[in-house]
Structures are given as C-alpha cells and as structure tokens.
Number of protein chains: 2
Amino acid sequence: MLPPVPTAVNLADVARIAGVSPATASRALSDHPHVAAATRARVWRVATDLEYVVSPEASRLAGGSTGRVAVVVPHLSRWFFGAMLEGLESVLREAGLDLLLYRVGEAAERQAFFDELPARRKVDAVVVLGFAVGDDERRRLERIGVDIVVAGEQSASYPSVRIDDHAAGRQAVDHLVHLGHRRIAMIAVHDPGADPAHPAGRSSAYHAALADAGIAADATLVVTVDRGAEQGVDQGAEAMGALLGATSPPTAVFAHSDELALGAVRTVRRAGLRVPEDVSVIGVDDHPLAALTDLSTVGQPVHEQGEIAGRMVVSGLRGEAVERVVLVPTRLVIRGSTAPPRRSRRGATRRADV
Amino acid sequence: MLPPVPTAVNLADVARIAGVSPATASRALSDHPHVAAATRARVWRVATDLEYVVSPEASRLAGGSTGRVAVVVPHLSRWFFGAMLEGLESVLREAGLDLLLYRVGEAAERQAFFDELPARRKVDAVVVLGFAVGDDERRRLERIGVDIVVAGEQSASYPSVRIDDHAAGRQAVDHLVHLGHRRIAMIAVHDPGADPAHPAGRSSAYHAALADAGIAADATLVVTVDRGAEQGVDQGAEAMGALLGATSPPTAVFAHSDELALGAVRTVRRAGLRVPEDVSVIGVDDHPLAALTDLSTVGQPVHEQGEIAGRMVVSGLRGEAVERVVLVPTRLVIRGSTAPPRRSRRGATRRADV
DNA sequence: GGAAGATCCGCAAACGCTTCCAGGAATCCG
DNA sequence: CGGATTCCTGGAAGCGTTTGCGGATCTTCC
C-alpha cells in the first residue's frame, strides 16, 4: 500500500511557487471572489503546469461535500438498468460528481445493504434505480442523512421519476381491444408494495381497459410472476404455457415487460401457433430486443429517466427545489406481434364476439 | 450543502464514552495489536451502540488508502459490459472496496477521461473493462499512479483476464468446417490495435482454420465492421447484406459477436432464405439473446471474468503478486442456427436461389 | 524483593485543505 | 489631503483520523 501518488503535488507547492499563501491559492483555484485577477491567473498557471489536483479527502474533510453520489441498483446485466444507469452517469459526470455503484440483487444482498449502509458518510446523495424501497428500508436509508431520489419506480417518500404505469397499461391493452380482441390475457409482475385500493399500476389499467370495453374479467387470464429473477424470459414462457393450457386460451396477451412478452412468444411458437395470427403479444419497455424480434410494445424513455434522476440530484445538491414526481411519457410502438384476431377458429366460448 | 450527517458520531465521541483516548479507540476499532481485549470489546460496544462509522476522508487523509476502485467501461446498456461489471462488483464489495464508475463511450468522452483523469487521487486501483488502452492512453493512465487491471481485452502492459480469442475463433470455424461447409464467411470487428504479425485474434483463427481444412482464402467472404457502435445488430445485418450480394455467397457465417450474428440472421431471413438450411450462422459470447433465438455460439464466461479481475485488484492491493494474464476457457454451444450445408441447390453461382 | 521486560495506553504530530478573521494596500469621497 | 471604504492577502484554526513515541502499569525471573 504505497502512497497512491508518490510525487504528489500539493496545494502548498502550488502556493509556494506562485508566491502566494495556501489560503490564496485555495481561493484562486476555487474561483472565489476577492482574488485579484492577476493572482488568480498566476495560480492557475502554476497549478496547470504542475498538474496539481486537489486531494478530495482533504478538501472534503476541511468542510466541503464529498462530490460523490451512491447509486443503488438491483441488476447490471439487464438492459433496463444499464440504460438508466448510463443516463444517470452522463448527468453526474457533467456535474463533476462521482458515481459510487452498489448492486443489491437478491434479498440477502439487499438486506445487507440497508443494514450496513456502506454508503454512509461517503456520499452527498443516493439514487435508487428501478426498485421500490420498503418502509423499513426507508427508515434505515434515511440514516445516511442525505438527499434521496428514486428512478424507474414510484415513491411516496422521495422525489422520483418514472412512467405513468396506468397510462402505459392502457396504451397496451386499449391497442389490443381496438384490434378487436376480447379474450385478452395478462402476464403480470407481482408488486409486493402495491396498494390494491390505489389504481395506478399496469394491472389496474388492464382491468380498467377491459371494463371500459365491456369485457368481463376472467381470473384465469391473469398470471402473476415474481419479480427479481435474473431473466424474465423463462417466466414469461412458463406463464404463457399456463395460459395456453386453459380451456379457453386468449387471443392476445399483455405482458408487463418485453422480456416476459418474448418468453410468451417463444411458448406460443413452440406450441405450433403463430404470432400474431393466432396470438397477439405486446410488452412494455421497448427493449432493444423488441425491435430485433418485431415485438409490439409500449416504449418508455429509460435513458432519459436516468438523466432526469441525475438532474434532480444535482438540483437538490445545489439547494434548489426539486419536483416530487416527474412522469415521463410512454409511447405505443406497433410492430409485427399484434394483429386483429382471426375470426375463424373461434370456438363456442367466443360467441360474444359474434 | 448542509453537512451530510448532522448528528455525526465521531471517533472522539466513542473514545470519550468508552473512557479511552482517541488513539486507543482507533487502534481498537482497527484491530491493532497491543490493545487489551477488554478495552477493545468496550470500544466496539460503544461504537456499535452509537452506530459509529469512520469518516473515510479523515481516515484516508491520515495515511490509509482510499478503499475505492475506479472502473472504466465503454457501455453500460449492453449485456457484455453489464455482466462483467456485475462480477467485478461482487468481488469488490466482498473485499469492502467501493466502486467508482466511469463510462467512456464515444471517442470524445474517452479522450476527456484520459486527459482529465477524473479518478486521480480518488482510488487505489483502476480496472479497464472491455476495451484496449492505446499507448498514449496508457501513458496518461499511469499518471494516476495506481494498480491497473484490464478485463475482457488483452493488454501487454497490465495484468489482464480474457478469453483466448484464437481458440474461440477456432471452435467456431472448426465447427462450421466439420459440418461440411466450404464457403465460410466472416463478419469481423475491426481491431485498431491488432498486430498483423501477431496471430492471436478471432480473425487469424478463421484463416488458420480454413487453411488447415485446405480451403482457399477468399477476401470477398470477409467483411469488417468498426467497433464501438452502440448496437452491433445493424452492422451485422448490413455486413450480411454485402455477403449475400456477392457472386458466390457463403453457406456459413462466423460473426465475431452474437449481436453481429443476430443481425446477419435477420438479413438472411429477410432475403427469404432460411437459417440454418440455407445459411448457417455462429457468433461469439453466448449472449442471453443467443439462447432466446436459438443461435449457435462460442460462449465465454463474462461474469467470471469480472470476478477474476476483481480478485486481481484485491490481490494487488494486498501487495501479493498477480498473474500477468489469465485466460478463461470458452465453450462451443451448438444450437439451431448451424447445420450441414444443403448439397442440393449448390449451383455454381447460386443464382438459382433468387 | 527489585529490575528487566512485556503490555497497554495517551500525547501530540501529522495528513492537505478550507475558511474565519484581521491587517495592509489601494481607492474613493468630501 | 485625511479618513473611510473597498480589495486583496496571509495567519491560523480547524476538519477527523492514524501512528510514532514515550510513560505508566503489570509480569516475571533471578
């Protein structure tokens, strides 16, 4: 453990060579007022020549902020989180903030993170990407004592940026309804924190859209999978299997994510049926995979949500007011996986159609 | 910019309450020798009760290390980098090191990173993920004055972990040869730093495999794309278009990555041909997409390379010797995109196909 | 039982920077 | 031209740790 920079240049060196006191050198380099322009220029010259960089530890210790932001994210290898992180990183870098990354995948890691709070005393703010913080977690998190921003999920407690899940769900299900589908299934992600009375999620949009279309609810057409698994594709495939096995299978499926939708497509095809002729499938996210596989979806601006979260952090650190919640718009992206239902092959159970 | 932790508990508080000096408290908490067991226990008790956490800035300033590692990565939303980062993160976290993330995507960002070296004085080590550092970049990087590890790419200058690209290429091309293909194309990624005389890459493996099989080289069967674009799929699609347009198209294609391969598959299908019946396609990586789309590939353990890089960093920081280069094994994954060539339909120029 | 040695602990000096406070120089006004 | 501002600058006090050094206490052995 040698000293990181053996030939470190310190502020004192700069000051000495520039012929000023460390105090003045510090002020000059921090662009404080009340420093003569000539002096400021001279100090900067020397600092540049010597490739001086301030010791962040000393700087922070003497009273400043850490210049660091903790980002807590459940996954890294999934596109959604990577893209959001990318947007966030670009804004933070722009603002000169460093990004401390904490991944909290499975329950155990997550628990450990909130128990030990490794980011304590190390950052000026915390950004939670893509998952909702529970009540207990919230209480612990607040012990860090810094600003907190949530992105990609709703949060009652902290400023957050996200899509309007209800609107997104409506876009998807309304699209299927408009195509003429009546037996519309849903592959839903289980949301532990969901308030059943609070009509805001993708699931509630599904029910509302069906109700508006005068379609009776059918519990056998809803399959719920647990969130948190590494890949949603297999879960989607499995869920679709259950739906196809029903006595009266759906003609269209609304999946809560593109990954689930792709799994569903795979199962449909393996069952010898065709997409979209026999079954229409639509997802949410506009994952790059969706474009590649010609999947209809409801796109959300993921990168941009990361950027907005970054701006919220920066504003908060500047002491400016930040919005409680920013909703970014989603857009329906119609590709080749959705089409009107085939009227032939409609069995007795679909007589309502006729 | 309020103080991050208003009610911060300091070492002095712990010391006072435990009835010892700060010096002893520090030694007790750092598990130094020459502290009475009873004292040590008492200090720990108090520290735990008060939820004391050391100020990393002060600790570092007084002579320790930063406890941070910089990770430089070109992309975040692509699976390869995310997966590698995930492996790296898990090891660093285990070792109690914090991960400072720097993304350097396009040339401008990359240039800026190596010019300004934002990680300077902030970290104990630097990990470069998934790209080769140029000579000039290397010189600048060394000004940080800390250990450097490269993962997912070869590096003559630093300890590195990667796959054996030549072996991987052989696995892919030999597979195609064994299936009976003779007209085998390659969609290659342009490697600016490649030494033409140094026979180590995927491209050289292609040529070697063909030569071993007694197949004459045909320059029209090799298409090179530039690296660095966000998505390789479109490039692969375009490259495949060029190959199909040749007077004598290939019956099999070896793509340097799964993303390129998927683009190639798309073009083949859009041309009305079938995979693998008309054209076999194989990639490299074993991207999750490959499993989903039934693409044959040469899999590499990405997550594990991240872990190994992490262990190299940890060893280095402990002052232990680290290996110069670790090669991780690849494995041929045969799926549905490769098959023997069709002997019928082998026209002299394949015009019959169109 | 006394001295050498081992143990344990506290004092105080860094570490590199920021910022309060006050002093000296330059500028301005009447 | 004297005194009051205004500008700039330097001295010095921290910020919260770690650690070298020496002193105090306790063993242990002859």
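Everything here concerns the structure above.
Residues numbered from 1 in each chain as written. Chains lettered and ligands numbered in written order. Predicted model: local features only at pLDDT ≥ 70, side-chain atom pairs only at ≥ 80, totals over all residues. Heavy atoms only, no water.

J.: Can you tell me about the relation of the copies chain B and chain A, naming the residues and giving the values?
T.: When chain B is fitted onto chain A, the two copies agree to an RMSD of 0.1 Å after a turn of 180 degrees and an axial shift of 0.0 Å. Taken together, the turn and the small shift mark the pair as related by a two-fold rotation axis. Of the residues that chain B buries at the interface, 98% are likewise interface residues in chain A, meaning the two copies contact each other through the same surface. (Least-squares fit on C-alpha atoms with pLDDT ≥ 70 in both. Contact = heavy atoms within 4.5 Å.)

J.: Tell me about the sheet that holds strand 12 (residues 331-333) of chain B, and please be specific about residues and values.
T.: Residue and element names in this part refer to chain B. Spatially, 6 strands are ordered 7-6-8-9-10-12 in an open sheet, and the strand pairing comes out mixed. The open sheet is flanked by strand 7 (222-225) and strand 12, the only strands paired with a single partner. Each strand of the sheet is rotated relative to its neighbour by a mean of 15 degrees, with strand direction disregarded. Sheet analysis places strand 9 (residues 280-285) next to strand 10 (residues 296-299), joined by 4 bridges and oriented parallel. In the strand pairing of strand 10, valine 284 is matched with valine 298. (Pairing = 2+ DSSP bridges. Helix = DSSP H or I, 4+ residues; strand = E, 2+ residues; numbered from the N terminus. Axes fitted to C-alpha atoms, helices over the stretch in contact; angles between N-to-C directions.)

J.: Residues and numbers for the protein's contact with DNA strand D, please.
T.: Thr24, Arg27 and Thr39 of chain A together with Leu11 and Ser26 of chain B are the nearest of the 25 residues found near DNA strand D. Protein-proximal atoms of DNA strand D, defined as those within 4 Å of the protein, fall in sugar or phosphate at a share of 67%. Backbone polar atom of alanine 36 of chain A to a phosphate oxygen of DNA strand D: 3.0 Å apart, as the coordinates give it. Among the secondary structure elements, those contributing two or more residues to the surface near DNA strand D are helix 2 (22-29) of chain A together with helix 2 (22-29) and helix 4 (56-61) of chain B. When the residues that make up the surface near DNA strand D are grouped by side-chain class, the tally is 12 nonpolar, 10 polar and 3 charged. (Near = heavy atom within 4 Å. Polar contact = N/O pair within 3.5 Å; in protein donor to acceptor, adjacent residues only side chain to side chain. Nonpolar A, V, L, I, M, F, W, Y, C, P; charged D, E, K, R; others polar.)

J.: Can you break down the packing of aromatic side chains residue by residue, with the values?
T.: On inspection of all chains with the given rule, the structure shows 6 aromatic pairs over all chains. A centroid spacing of 5.2 Å and a plane angle of 90 degrees characterise the contact between phenylalanine 113 of chain A and phenylalanine 114 of chain A, whose relative ring orientation is edge-to-face. The residues phenylalanine 113 of chain A and phenylalanine 114 of chain A share a single accessibility class, namely buried. Centre to centre, the rings of tyrosine 102 of chain B and phenylalanine 113 of chain B are 5.5 Å apart; their planes meet at 55 degrees, and the pair counts as tilted. Of the two residues, tyrosine 102 of chain B sits in strand 2 (residues 98-103) while phenylalanine 113 of chain B sits in helix 6 (residues 107-116), which places them 11 residues apart along the sequence. Tyrosine 102 of chain B gets classed as buried once you look at its relative accessible area, which sits at 4%. On the basis of relative accessibility, which here comes to 1%, the residue phenylalanine 113 of chain B falls in the buried class. Grouping aromatic residues by their ring pairs yields a cluster made of Tyr102, Phe113 and Phe114 of chain A. (Phe/Tyr/Trp six-rings, centres within 6.5 Å; stacked < 30°, edge-to-face > 60°. Buried < 20%, exposed > 50% of the residue type's maximum accessible area, 1.4 Å probe, protein only.)

J.: Tell me about the environment of glycine 152 of chain A, and name the residues and values.
T.: Position of glycine 152 of chain A relative to the elements: it lies in the loop between strand 4 (147-151) and strand 5 (160-163). Sequence spacing of glycine 152 of chain A and alanine 237 of chain A is 85 residues, and the spatial spacing of their C-alpha atoms is 25 Å.

J.: Describe the packing of helix 2 of chain A against helix 3 (residues 37-49) of chain A, with residues and values.
T.: Residue and element names in this part refer to chain A. At a closest axis distance of 9 Å, the pairing of helix 2 and helix 3 adopts a crossing angle of 90 degrees. Relative to helix 3, the element helix 2 lies roughly perpendicular. Between helix 2 and helix 3, the residues in contact are Thr24, Ala25, Arg27, Ala28 and Leu29 and Thr39, Arg40, Val43, Trp44 and Ala47, respectively. Broken down by class, the residue content of the contact of helix 2 with helix 3 amounts to 6 nonpolar, 2 polar and 2 charged. (Parallel < 35°, antiparallel > 145°, perpendicular 65-115°, else oblique.)

J.: Lay out the pattern of salt bridges in plain terms, naming residues and giving numbers.
T.: Applying the stated criterion to the full structure yields 49 salt bridges over all chains. Aspartate 212 of chain A serves as the salt-bridge partner of arginine 170 of chain A, at 2.9 Å between the closest nitrogen and oxygen. Remark: aspartate 212 of chain A occurs in helix 9 (residues 202-212) and arginine 170 of chain A occurs in helix 8 (residues 165-179); sequence separation between them is 42 residues. One salt bridge in this structure joins glutamate 307 of chain B and arginine 311 of chain B, with 3.5 Å as the shortest N-O distance. Of this pair, glutamate 307 of chain B and arginine 311 of chain B are both found in helix 13 (residues 302-317), 4 residues apart, which corresponds to roughly one turn of the helix. The class for arginine 311 of chain B is partly exposed, based on a relative accessible area of 45%. Linked by salt bridges that have partners in common, Glu89 and Arg93 of chain A together with Arg103 and Glu109 of chain B make up one network. (Salt bridge = Lys/Arg side-chain N within 4 Å of Asp/Glu carboxyl O.)

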